[in-house]
Amino acid sequence: MNYHSQLQLQAYLDAELPPRESREVESLLATDNEARQLLAELRMTQTVLAENEPHHPLPESRDFYWSKIKRDIERIDRAEENIVHSGGFAWQKFLAPLAAAAMVLLGVTVAKFYSPVEDSSWSVAEVERFADDASSVSFRSESEKVFVVWVYQRKDDFSSAAPSTLEMVTQ
Amino acid sequence: MSLNRDYSAVLDPDLVRLAQKGDMVAFEELVARHRDKIYARAFSMMRNEEDAVDLSQEAWVKGWQRLVQFQGDASFVTWMTRIVINLCLDQLRKHKRQRAESIEALEQDGGGVERQMPVVTVNPTERLERSELRERIDRALNQLSYEHRTVLILHEFEDLEYKVIAKKMNCSIGTVMSRLFYARRKMAALLAGLKREQAQ
């Protein structure tokens, strides 16, 4: 009996064979004593195991075991609640633009005291970019006494989309 | 309110419904009822008391978190058993990656020794006390590699089909059949004490 036949015999025992192959195995069993003996051994092992699974009682008391489970559940619940109450991480997406805006304002304030006054009535210049996902553009009009800074997400198309944040500084 | 209730007479499906609404006392009752079964399954796969305690506890925590997903298609304890089995399989895979293949596994994969084992014709478990028989089975299970033991447990104790076992163990149905065949043959030999005789 080859290995394939042995595995077929096992599959027959486990009711995993299609009807046609089951009939083939039955024919084999009718003529082959070795196959019958092997089937008997496999069946014996199957039955003995199924009826005699070893017992392994939990080596801890009910209260102690439950206290550890409960502690873990409550720890996870608390962690989830903290995330929910803190608004999750949603606020963080505003952090970079806000920081950029603050830095731009700081830069403008410093520039106001240290840079020479432009002769032209107005000028447009990119001041500085402080975050990868945020940009800013500013212009100053001497005649109007105004200094305007746009801070926007880089994914925004500055020429067509409205700026995400608008800061205006009047001189 | 629930703290004053005695849940000992409440059926599992009702306890599950209460637990799904957040009643932790109902869940505690479910843990108390089935903790031995869940632990025993973890132990049978891990063969280690500490791992079995940790993984069975982890299974209960996951069970609580996923309780809303439980639809009642199978019994609650069957559902919990599947969770602990999956956790054990994950852990065993991690262990396997960390250690070299056992000599026994190499021998099995390379030699096909199961084909040459003599057939056990007499039931070696006859006239054994049940406790003695269980002890013997336990010792024999200990001598199998984790792949063979796991297939045997999933098939003989959990009654899973070849294709389900193959999916759980990330292998082919052919591999499951081959491992199961080897495991059964080796168990028969171990129970009959043939291995000891062969060594002498």
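The notes below deal with the structure included here. Quantities reported herein were computed from a predicted structural model and do not represent experimental measurements. (Residues numbered from 1 in each chain as written. Chains lettered and ligands numbered in written order. Predicted model: local features only at pLDDT ≥ 70, side-chain atom pairs only at ≥ 80, totals over all residues. Heavy atoms only, no water.)

Some remarks on the overall build of chain A
Turning to step 1, where the next piece is worked out: In terms of regular secondary structure, chain A is built from five helices and four strands.
Turning to step 2, where the next piece is worked out: Listing every helix and strand of chain A by position from the N terminus yields α-α-α-α-α-β-β-β-β.
Turning to step 3, where the next piece is worked out: Buried residues in chain A amount to 33% of all 171 residues.
Turning to step 4, where the next piece is worked out: At a minimum sequence separation of 6, the contacts of chain A that also span at least 24 residues come to 33%.
Turning to step 5, where the next piece is worked out: Carbon and sulfur atoms make up 55% of the accessible area of chain A, which amounts to about 10800 Å² in all. (Helix = DSSP H or I, 4+ residues; strand = E, 2+ residues; numbered from the N terminus. Buried < 20%, exposed > 50% of the residue type's maximum accessible area, 1.4 Å probe, protein only. Contact = heavy atoms within 4.5 Å. Areas by Shrake-Rupley, 256 points an atom, 1.4 Å probe, with all protein chains shown as cover.)

Some words on a nonpolar patch on the surface
Turning to step 1, where the next piece is worked out: The grouping of Met103(A), Leu106(A) and Val110(A) at the surface amounts to a nonpolar patch, some 260 Å² of accessible area in total.
Turning to step 2, where the next piece is worked out: Its place among the elements puts Leu106(A) in helix H5 (residues 95-114). (Patch = residues over 30% accessible without salt bridge, like charges linked within 9 Å, V, L, I, M, F, W, Y side chains within 5 Å. Salt bridge = Lys/Arg side-chain N within 4 Å of Asp/Glu carboxyl O.)

Some thoughts on the pattern of salt bridges
Turning to step 1, where the next piece is worked out: Tallied over the full model, the rule gives 20 salt bridges over all chains.
Turning to step 2, where the next piece is worked out: The shortest N-O distance in the salt bridge between Asp72(A) and Arg71(A) comes to 3.9 Å.
Turning to step 3, where the next piece is worked out: A relative accessible area of 52% places Arg71(A) in the exposed class.
Turning to step 4, where the next piece is worked out: Close ionic contact of Glu135(B) with Arg139(B) constitutes a salt bridge, the shortest N to O distance being 3.5 Å. In this pair, Glu135(B) and Arg139(B) both sit in helix H6 (residues 130-142), four residues apart, roughly one turn of the helix.
Turning to step 5, where the next piece is worked out: In this structure, a network of salt bridges that share partners links the residues Glu53(A), Lys37(B), Arg41(B), Arg82(B) and Glu158(B).

Re the interface of chain B and chain A
Buried accessible area, meaning the area lost when the parts come together, often serves as the stated size of an interface.
Turning to step 1, where the next piece is worked out: Taken together, the contacts link 50 residues of chain B with 39 residues of chain A.
Turning to step 2, where the next piece is worked out: Buried surface at the junction of chain B and chain A, summed over both partners, amounts to about 4400 Å²; 64% is from carbon and sulfur atoms.
Turning to step 3, where the next piece is worked out: Interface area lost by chain B to chain A is led by Arg134(B), Phe181(B) and Arg184(B), which between them contribute 15%.
Turning to step 4, where the next piece is worked out: Counting across the chain B and chain A interface gives four salt bridges.
Turning to step 5, where the next piece is worked out: Where Arg41(B) meets Glu53(A), a salt bridge forms, and the shortest distance between an N and an O atom there is 2.8 Å.
Turning to step 6, where the next piece is worked out: Remark: the boundary between chain B and chain A carries 17 residue pairs in polar contact (both at pLDDT 80 or more).
Turning to step 7, where the next piece is worked out: Of all the secondary-structure elements, those providing two or more residues to the side of chain B that touches chain A are helix H2 (24-46), helix H3 (49-65), H6, helix H7 (146-157) and helix H9 (173-191) of chain B.
Turning to step 8, where the next piece is worked out: Among the residues making up the side of chain B that touches chain A, the classes are represented as 27 nonpolar, eight polar and 15 charged. (Buried area = accessible area lost by both parts, 1.4 Å probe. Polar contact = N/O pair within 3.5 Å; in protein donor to acceptor, adjacent residues only side chain to side chain. Nonpolar A, V, L, I, M, F, W, Y, C, P; charged D, E, K, R; others polar.)

What to know about H2(B)
Residues and elements named next belong to chain B.
Turning to step 1, where the next piece is worked out: Its 23 residues place the ends of H2 only 29 Å apart at the C-alpha level, less than the 33 Å of an ideal helix rising 1.5 Å per residue.
Turning to step 2, where the next piece is worked out: Along H2, the largest kink reaches about 60° and is centred on His34.
Turning to step 3, where the next piece is worked out: Most of H2 is tucked away: 19 of the 23 residues are buried.
Turning to step 4, where the next piece is worked out: By the N-cap criterion, in which a side-chain oxygen at the helix start approaches the backbone nitrogen of a residue two or three places on, H2 is capped by Asp23, the distance to Val25 being 3.0 Å.
Turning to step 5, where the next piece is worked out: Looking one or two residues beyond H2, the residue adopting positive phi is Arg47, at roughly 60°. (Expected span 1.5 Å × (residues − 1). Bend = angle between axes of the 7 residues up to and from the residue.)

Considerations on the environment of Ala101(A)
Turning to step 1, where the next piece is worked out: By the element assignment, Ala101(A) lies in helix H5.
Turning to step 2, where the next piece is worked out: A C-alpha to C-alpha distance of 8.5 Å links Ala101(A) and Val149(A), two positions 48 residues apart in sequence.

Describing a negative patch on the surface
Residue and element names in this part refer to chain B.
Turning to step 1, where the next piece is worked out: Judged by side-chain charge, Glu49, Glu50, Asp54 and Glu58 come together as a negatively charged surface patch.
Turning to step 2, where the next piece is worked out: Counting through the fold element by element, Asp54 comes out in helix H3.
Turning to step 3, where the next piece is worked out: Residue classification places Asp54 among the partly exposed positions, given a relative accessible area of 43%. (Lys, Arg positive; Asp, Glu negative; His and termini not counted. Charge placed at Lys NZ, Arg CZ, Asp CG, Glu CD.)

A word on unusual backbone geometry
Residues and elements named next belong to chain B.
Turning to step 1, where the next piece is worked out: Backbone geometry places Arg47, a non-glycine residue, at a positive phi of 60°.
Turning to step 2, where the next piece is worked out: Looking at the secondary structure, you find Arg47 in the loop between H2 and H3.
Turning to step 3, where the next piece is worked out: With relative accessibility at 16%, the residue Arg47 sits in the buried group.

Observations regarding the side chain of Ser145(B)
Turning to step 1, where the next piece is worked out: Locating Ser145(B) in the fold gives a position in the loop between H6 and H7.
Turning to step 2, where the next piece is worked out: Exposure remark for Ser145(B): the relative accessible area of 6% places this residue in the buried category.

As for H3(B)
Residues and elements named next belong to chain B.
Turning to step 1, where the next piece is worked out: Taking 1.5 Å of rise per residue, 17 residues should cover 24 Å, and H3 covers 25 Å from first to last C-alpha, within 8% of that figure.
Turning to step 2, where the next piece is worked out: Buried residues of H3: Ala52, Val53, Leu55, Ser56, Gln57, Ala59, Trp60, Val61, Gly63 and Trp64, and no others.
Turning to step 3, where the next piece is worked out: The N-capping residue of H3, defined by a side-chain oxygen 2.9 Å from the backbone nitrogen of Glu50, is Asn48.

A look at the packing of helix H3 (residues 33-51) of chain A against H6(B)
Turning to step 1, where the next piece is worked out: Following both chains from N to C, one finds H3(A) and H6(B) inclined at 110°, their axes separated by 10 Å at the closest point. The angle between H3(A) and H6(B) falls in the class roughly perpendicular. The way H3(A) lies across H6(B) gives a crossing that is left-handed. Facing Val48(A), Leu49(A) and Glu51(A) of H3(A), the residues of H6(B) in contact are Arg130(B), Leu133(B), Arg134(B) and Ile137(B). (Axes fitted to C-alpha atoms, helices over the stretch in contact; angles between N-to-C directions. Parallel < 35°, antiparallel > 145°, perpendicular 65-115°, else oblique. Left-handed = near helix turned anticlockwise from the far one by under 90°.)

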